[in-house]
Amino acid sequence: MKRIIFFCFLLLNSIAKAQYTSEINANRPSFSMGAYSVSKSIFQVEAGFGFQKNEFSKEQNASKTLVDFQFRYGAFFEQLEFVADFKYDDTKEKIFNTNQNYNGFQQVTLGAKYMIYDSYRNYVEKINVYSWKANQRYKWRRLVPAVALYVGADFKGNDHYFPENIPGTTLKGMIITQQHINNQLTFVTNLIIENATNDDFRSYGYIATLSYGFSKNWSAFAEIQGYFRKYEGVKQSFDDNFILRGGFTYLVNKNLQLDLSGGTTLTNATHKTNVMIGASWRTNKKYRKSDTENEI
């Protein structure tokens, strides 16, 4: 009888692989983007509020109030989603005895993501009805990542980017991978190209995020982000080339998630630290899948 019940459980679990997830699939609070879309006809908003301290030297520092929004909508295909990112900050900067304030949208990014490969798509796991032990072995297919491509356009605010002669509108691209190493552990990587069409200001970067679920409701993440920028004619080094972040999330219900996170730069010149709180919410209308689609 045990084997029969176990067989039924594994069979149901093996066919439940697709884009739609029974619980919200949020990018927050990390800065990386996951490979899976929110799914067709699903609208999702992710928002954060926080503070950042920049310490350039004893004579110069800045404090920032940060607000960011991300809107995600799945359309046309299960694998496709459209993404709109808005980053706003209010900065108070002190240089010697001079104070200056400025605020506005630091950056607006509009783009689309499409998942091109998922090793579990249309895959049915073979069950050994004679051996419970064989079915308990680690599934090496978990190490094969889902892969997505992202293309977007960055629109930069006039007072919020360096150097001054960088184009205000540039193209951005990403290769995204996501692995569910086991039921608790997930690893996401983003390989990024920014200012893609401009030879003078093209840059490359990466984000690597490791997430661990402690329980049904609580999870934590650790993340490192780096950039490789060699802008032509710009001698000043960038102090945010390497960033370390971490934080926690709490799943309130299947459509709402709360988060808390913090980060710091790893360079010696300018020390930047920040802390943020946020929330992610998706439309809760019942998802209707077709006969050929399955739910994760």
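Residues numbered from 1 in each chain as written. Predicted model: local features only at pLDDT ≥ 70, side-chain atom pairs only at ≥ 80, totals over all residues. Heavy atoms only, no water.

Student: Whenever I open this one, the environment of S119 confuses me. Can you help?
Tutor: Mapping S119 onto the fold places it in the loop between β4 (98–117) and α2 (132–136). Between the C-alpha atom of S119 and that of R142, which follows or precedes it by 23 residues, the distance is 8.4 Å. When neighbours within four sequence positions are excluded, S119 is seen to be in contact with R141 and V144. (Helix = DSSP H or I, 4+ residues; strand = E, 2+ residues; numbered from the N terminus. Contact = heavy atoms within 4.5 Å.)

Student: What exactly am I supposed to notice about the sheet that holds strand β12 (residues 271–282) here?
Tutor: Two strands in a sheet stick together by hydrogen bonds in their backbones, pointing the same way (parallel) or opposite ways (antiparallel). Around the barrel, which closes on itself, the 12 strands sit in the order β1-β2-β3-β4-β5-β6-β7-β8-β9-β10-β11-β12 with antiparallel pairing between neighbours. Put simply, the sheet's adjacent strands are angled 20 degrees from each other on average, direction ignored. Across 11 bridges, the pairing between strand β8 (residues 203–213) and strand β9 (residues 218–229) is antiparallel. Looking across to β9, one finds that S211 is bridged to F221. (Pairing = 2+ DSSP bridges. Axes fitted to C-alpha atoms, helices over the stretch in contact; angles between N-to-C directions.)

Student: Could you clarify how one ought to interpret the pattern of salt bridges in this entry?
Tutor: Where charged atoms of side chains with opposite charge meet at close range, the side chains can pair. One pass over the structure, following the stated rule, counts 10 salt bridges. Between D89 and K64 there is a salt bridge whose closest N-O contact spans 3.9 Å. Here the residue D89 occupies a position in strand β3 (residues 80–95), and K64 occupies one in strand β2 (residues 60–74), the gap between them amounting to 25 residues. The same class applies to D89 as to K64, namely buried. D199 is paired through a salt bridge with R202; the nearest N and O atoms lie 2.7 Å apart. With a relative accessible area of 62%, D199 lands in the exposed category. (Salt bridge = Lys/Arg side-chain N within 4 Å of Asp/Glu carboxyl O. Buried < 20%, exposed > 50% of the residue type's maximum accessible area, 1.4 Å probe, protein only.)

Student: Help me understand the confidence of the model for the chain, please; the structure alone is not making it clear to me.
Tutor: One rule of thumb: low pLDDT means the predicted coordinates there are not for detailed reading. Across the chain, the average pLDDT comes to 81, with 77% of residues at or above 70. Across residues 1–17 the pLDDT falls below 50, and counting only partners more than four positions away or on other chains, this stretch makes 19 contacts in the model. Contacts from residues 290–296, a stretch scored under 50 in pLDDT, to residues over four places away or in other chains number 22 contacts. (pLDDT = per-residue confidence, 0-100.)

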